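Secondary and tertiary structure notes
What follows is the residue order along each chain.
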Amino acid sequence: MGGEEGDNEEECCSTQLIDGDGEFNATGLENFMKTAKVSECGLSYAVVAIMGPQSSGKSTLLNYLFRTNFKEMDAFKGRSQTTKGIWIAKCVGIEPCTIAMDLEGTDGRERGEDDTAFEKQSALFALAISDIVLINMWCHDIGREQAANKPLLKTVFQVMMRLFSPRKTTLLLVIRDKTKTPMEHLEPVLREDIQKIWDGVPKPEAHKDTLLSEFFNLEVTALSSYEEKEEQFKEQVEQLRKRFIHSIAPGGLAGDRRGVVPASGFSFSAQQIWKVIRDNKDLDLPAHKVMVATFRCEEIANENLSHLTSDEGWLGLDEAVQAGIVSGFGKKLSSILDTYLSQYDSEAIYFDESVRNSKRQDMESKALHFVHPAYLTLLGHLRAKCVDNFGKALEQSLKRGEGFAASVRSCVESSMLEFDQGCADAYVKQADWDASKVSVKLRRDIEEQAVSVRSAKFSELITSYENQLTKALAEPVEYLFESAGGDTWALIRNLVQRETGIALSKLTTALNGFELDQETFDKMVQNLRDFANNVVEKKAREEAGKVLIHMKDRFSNLFSHDKDSIPRVWTGKENIRKITMNALTASLKLLSVISAIRLDEKPDRIENLLYSSLIDGKVTPVDPLATSSWDEIPEKDTLLTPVQCKSLWRQFKTETEYIVAQAVSAQEAHRRSSNNWIPPPWAILAMLILGFNEIMLLLKNPLYLLLSFVVYLVGKALWLQLDIGEFINNPVSALLSVASRSIPSMMETMQRFSAGEEVHQQMGPPAPSSSLLGSQSFNSQQSNSMTNALPAESSTLTERSESSNKRSKSTLSSSASSIESSSSTVTQRQAANVEADHM
């Protein structure tokens with residue numbers, strides 16, 4: 001065997017499994033399992049162990065039987081311990097894969113008589129993990145009590161009882177150095193002795209009546225002497241070797257074995273069994289089998305889970321899901337999970353079924369838990385897409401003019417169908433994931449979006465009709481307040497009712513597609529009516545804040561213009577008292593209209609109360625305006641309280657007194673200017689008496705008469721052009737004005753005479769520049785006259801009113817201009833009359 005030893009060493013991979021001190025070589029066993037490729041065998045492997053007395057040729061038998069290279073004893077060096085501990089090797093050329101286990105010999109002098117612990121431990125270990133146990137015996141010791149390996153068999157049976165479950169191990173009794181005694185005489189003796197040993201071994205209660213055949217299959221074989229009949233020995237060994245081929249098949253040496261640990265769990269199983277034996281604990285092989293299956297199945301499951309987490313297909317799928325919806329997600333993920341679950345099944349198929357299935361479920365659960373976030377992410381993308389598509393579909397449907405409620409129903413149905421189809425595409429067959437929660441959330445999101453869109457549409461409609469109402473009501477109401485009369489609030493109510501009715505009619509048509517319940521519809525209608533009323537109320541409050549301005553405008557307009565809206569010229573014939581009373585009454589009516597909101601058509605006595613208190617001036621024991629509320633008007637509809645009305649009227653009277661005073665001054669000035677043209681009778685008589693000689697001189701000399709007529713005409717023209725009438729009211733300012741304009745006017749007049757212009761043309765309208773100067777002079781005259789007519793207190797009030805009310809100033813200026821224009825007209829008429837008299 002020398003030439004074959006090198007090859008056998010490489011093939012059999014002999015390794016010391018347990019050393020002489022009982023230390024388990026876990027690393028060596030792992031390397032052995034990988035190198036010999038035992039882990040890939042599943043259940044198609046067998047373990048053969050050999051035990052027997054020291055130096056009984058156990059290693060030699062194994063080497064010839066299985067082509068292993070266990071160390072053999074060198075007989076030329078003496079008989080001593082060769083194998084220490086337990087060694088294993090792969091049997092060469094044996095199918096299925098078979099592991100040979102060479103145990104340390106028993107009854108060795110090296111350990112001594114008392115050190116039998118390792119013998120029992122190794123025997124128990126061999127019985128626990130081996131399918132076939134070879135008992136090496138010397139033929140000449142059969143029939144002896146001590147030398148026939150009876151102590152060894154007794155030990156085997158005793159430790160076997162500690163397994164608590166029959167494994168159906170095959171005990172092959174190998175009789176070495178067979179003598180001439182026939183086997184048919186040796187075998188019954190051995191079986192009888194073995195039965196006696198079995199019967200005599202103390203058994204636990206559970207196996208008290210258990211038969212030997214439940215635990216062991218007994219086989220007997222004999223071999224010739226290796227030293228004396230080597231060739232015959234080899235032939236017999238070769239025949240025995242054939243019995244180990246397909247040993248685990250039915251009818252083989254180990255055809256009925258039980259509780260086999262799969263090859264991938266053999267390393268862990270052997271290590272755990274040895275640990276239990278070393279700790280001197282009872283070994284429960286069924287429990288151990290479950291433990292090994294649990295460990296190995298967990299290991300296989302974790303390994304596959306680890307591969308799943310780094311799988312390129314899964315990583316790519318997960319990355320794609322993070323970016324968006326992945327078509328065929330369910331099929332792709334199911335395929336990936338199937339791959340690793342199938343790998344688990346193929347690796348764990350030989351382990352305990354209950355443990356295997358349990359660990360498979362755990363692995364599947366962990367795998368599904370690992371990939372579940374990707375599934376949820378996909379559903380999130382799908383939900384977002386459905387919500388977005390719902391919004392787009394609803395918008396398109398509304399653009400086509402379809403009703404809102406019908407559009408929402410169809411779009412919701414379409415979106416939910418799209419989500420269900422997406423869930424079906426994402427279905428993972430290994431999982432029972434429920435997408436109902438996401439579906440409920442999707443429906444809630446869609447409903448919220450529908451409500452949001454409906455609210456936006458409502459808001460858009462309401463805003464549109466509110467804007468229409470505001471446009472239709474604000475300016476007309478403002479105009480009605482400015483021209484307030486007795487029927488102002490009636491007109492406002494009619495306006496509000498008409499415009500609100502138009503808006504409500506259009507709104508009702510627009511809301512038909514929303515399918516609103518009656519309560520919501522009535523609420524929207526009422527809100528629009530309230531808005532219309534609020535527009536009026538808001539405008540009324542704005543106008544109430546400007547009531548003093550409106551009152552002064554109305555007073556100024558009625559006082560300064562006649563019924564035909566022509567500016568008044570204060571000639572002295574006008575009844576200023578009556579005009580003033582009419583303007584005050586109209587202003588008071590405006591105050592009464594704006595003092596309260598009257599949208600409910602309830603009658604009130606505000607106007608009568610204001611008239612009797614502020615214009616008639618009736619004296620009563622209790623001032624009816626000394627209160628903060630009206631009797632018939634609620635507080636919310638009050639714009640101006642009685643006290644505020646009284647205060648405003650007092651301020652109004654104060655700020656309009658100067659207009660009346662100006663009119664009175666204008667009348668007085670007109671009267672004075674009209675009376676100054678005609679001298680008193682005594683003056684006329686005196687001029688006739690004293691100027692008699694001059695008159696006669698003129699009458700006697702026509703040249704003087706003609707010269708006097710020319711001087712008269714030139715003087716009249718200068719009078720009209722230079723507005724000499726200013727001397728009457730303000731001589732000083734008129735004198736300065738005449739001095740600055742006399743020379744140009746005289747030159748202009750002389751030029752006209754030299755050109756042969758007629759007198760009628762000379763008396764025509766004054767030049768624009770002269771007219772402008774005349775207007776300015778008259779304005780100055782009027783202002784000075786007014787200032788002189790009003791007392792100091794009235795002037796102070798006038799200045800305050802002018803600073804707060806520019807519109808009043810504009811009215812006054814217009815009035816002054818009108819008076820100026822009237823005066824100019826009167827002057828021209830007089831000049832024309834004089835000219836006619838001379839002609």
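As a reminder, the structure under discussion sits directly above these lines.
Residues numbered from 1 in each chain as written. Predicted model: local features only at pLDDT ≥ 70, side-chain atom pairs only at ≥ 80, totals over all residues. Heavy atoms only, no water.

1. Some thoughts on the environment of leucine 584
Take leucine 584: it is sitting in helix H19 (residues 576-594). Note on leucine 584: relative accessible area 10%, which makes it buried. Considering only alpha carbons, one finds leucine 584 and leucine 614, 30 residues apart in sequence, at a separation of 9.8 Å. Apart from residues lying up to four places away in sequence, leucine 584 is in contact with Phe555, Ile615, Trp649, Phe652 and Lys653. (Helix = DSSP H or I, 4+ residues; strand = E, 2+ residues; numbered from the N terminus. Buried < 20%, exposed > 50% of the residue type's maximum accessible area, 1.4 Å probe, protein only. Contact = heavy atoms within 4.5 Å.)

2. Here's the deal with the packing of aromatic side chains
With the rule as written, the count across this model stands at 20 aromatic pairs. Aromatic pair tyrosine 45 and phenylalanine 266: ring centres 6.0 Å apart, planes at 80°, arrangement edge-to-face. Taken together, the residues span a long stretch of sequence, with tyrosine 45 in strand S2 (residues 45-51) and phenylalanine 266 in helix H9 (residues 266-278) at a distance of 221 residues. Among the residues examined, tyrosine 45 registers a relative accessible area of 3% and is labelled buried. Ring centres of phenylalanine 215 and phenylalanine 216 lie 6.4 Å apart, and the angle between their planes is 40°; this geometry places the pair in the tilted category. Each member of the pair, phenylalanine 215 as well as phenylalanine 216, carries the same accessibility label: buried. Through successive ring pairs, a cluster of aromatic residues spans Phe555, Phe559, Trp570, Trp649 and Phe652. (Phe/Tyr/Trp six-rings, centres within 6.5 Å; stacked < 30°, edge-to-face > 60°.)

3. Focus: helix H4 (residues 117-129)
Taking 1.5 Å per residue as the helical rise, H4 with its 13 residues ought to reach 18 Å, and the 19 Å between its terminal C-alpha atoms agrees with that figure. Counting buried residues along H4, 11 of its 13 residues qualify, which places the element largely inside the surrounding structure. Taken residue by residue, H4 has Phe118, Glu119, Gln121, Ser122, Ala123, Leu124, Phe125, Ala126, Leu127, Ala128 and Ile129 as its buried positions. (Expected span 1.5 Å × (residues − 1).)

4. Description of the pattern of salt bridges
Throughout the structure, instances matching the rule amount to 28 salt bridges. Here glutamate 298 makes a salt bridge to lysine 359, at a shortest N to O gap of 2.6 Å. Of this pair, glutamate 298 sits in helix H10 (residues 285-309) while lysine 359 is found in helix H13 (residues 353-399), placing the two residues 61 residues apart along the sequence. The exposure class assigned to lysine 359 is buried, which follows from its relative accessible area of 14%. For aspartate 345, the salt bridge is made with arginine 360, and the minimal N-O distance between the two is 2.7 Å. One end of the pair, aspartate 345, is in helix H12 (residues 329-348); the other, arginine 360, is in helix H13, with 15 residues separating them in the sequence. By relative accessible area, arginine 360 is classed as partly exposed at 24%. (Salt bridge = Lys/Arg side-chain N within 4 Å of Asp/Glu carboxyl O.)

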